[in-house]
Amino acid sequence: DGGITQSPKYLFRKEGQNVTLSCEQNLNHDAMYWYRQDPGQGLRLIYYSQIVNDFQKGDIAEGYSVSREKKESFPLTVTSAQKNPTAFYLCASGVPSGMGETQYFGPGTRLLVL
Amino acid sequence: RKEVEQDPGPFNVPEGATVAFNCTYSNSASQSFFWYRQDCRKEPKLLMSVYSSGNEDGRFTAQLNRASQYISLLIRDSKLSDSATYLCVVLGSNTGKLIFGQGTTLQVKP
């Protein structure tokens, strides 16, 4: 099956701990994205990558880090510097289309702070 | 002012009703527009792109009004399975990145 997978589905973080969220895609898409969704709010862009070994900060990058060593993988690390990490984290990959780009989402990871 | 604004609802309608959602955007240079559907505690899924001339997909019709900078989604003959949150999404002309509205929640009742 082609698609985007995220793991784990739920993740618990202790104070001061770094945690890493996995995102893998086998759609052969160059572009990948990380978003954060809080209740009653739209998705906000954390980081994005248009090509392997390159990535850019989005609107709310503070307290997060990413890597893009392989086309298929775009892991997100939530560091201890992120003071309010509880949220629904969504990874997406994008493909050029007549509308500019169409993005497809993974199933998401819910991060909770203990 | 938010770049993309939606009435959060909820819209509560009976089965078979016709319901319409509007979404306004602030950047007049925006070129691409989308509606995504998001079920409770799930990821957003692309429902339809919005073309300048308007487009229809079964019971769903999307319209774009550039002069007034709004996008609409019309759902005819609502089904229980249409209950979800509908996200209005605009491709930022300056950034090339998607900008999401907060979503409009629809509840279709039997």
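Heads up: the structure comes first, above all this text.
Residues numbered from 1 in each chain as written. Chains lettered and ligands numbered in written order. Predicted model: local features only at pLDDT ≥ 70, side-chain atom pairs only at ≥ 80, totals over all residues. Heavy atoms only, no water.

## Quick word on the state of the cysteines
Residue and element names in this part refer to chain A.
- Per the counting criterion, the structure on display carries two disulfides over all chains.
- Here C23 engages in a disulfide with C91; their sulfurs sit 1.9 Å apart. When the S-S torsion is -70°, as for the bridge of C23 with C91, the disulfide is left-handed. Highlighted residues: C23 in strand β3 (residues 19–25) and C91 in strand β9 (residues 87–97), separated in sequence by 68 residues. The pair formed by C23 and C91 is uniform in burial state, with each residue classed as buried. (Disulfide = S-S within 2.5 Å. Helix = DSSP H or I, 4+ residues; strand = E, 2+ residues; numbered from the N terminus. Buried < 20%, exposed > 50% of the residue type's maximum accessible area, 1.4 Å probe, protein only.)

## A few points about a positive patch on the surface
- Side chains of K9(A), R41(B), K42(B) and K45(B) sit close together on the surface and give a patch of like positive charge.
- Within the element layout of this structure, K42(B) appears in the loop between β4 (33–38) and β5 (44–50).
- Judged by its relative accessible area of 43%, K42(B) falls in the partly exposed class. (Patch = residues over 30% accessible without salt bridge, like charges linked within 9 Å, V, L, I, M, F, W, Y side chains within 5 Å. Areas by Shrake-Rupley, 256 points an atom, 1.4 Å probe, with all protein chains shown as cover. Salt bridge = Lys/Arg side-chain N within 4 Å of Asp/Glu carboxyl O. Lys, Arg positive; Asp, Glu negative; His and termini not counted. Charge placed at Lys NZ, Arg CZ, Asp CG, Glu CD.)

## A word on the sheet that holds strand β1 (residues 4–7) of chain A
All names here are of chain A.
- Within the open sheet, the four strands sit side by side as β1-β3-β8-β7. Their pairing is antiparallel. The strands lining the two open edges of the sheet, one partner per strand, are β1 and β7 (64–66). The mean inter-strand angle of the sheet, taken between neighbouring strand axes irrespective of direction, is 20°.
- Here β7 pairs with strand β8 (residues 76–78) via three bridges, running antiparallel. Residue pairing for β8: Y64 is matched across the bridge by V78. (Pairing = 2+ DSSP bridges. Axes fitted to C-alpha atoms, helices over the stretch in contact; angles between N-to-C directions.)

All quantities given are derived from atomic positions and should not be read as evidence of function.
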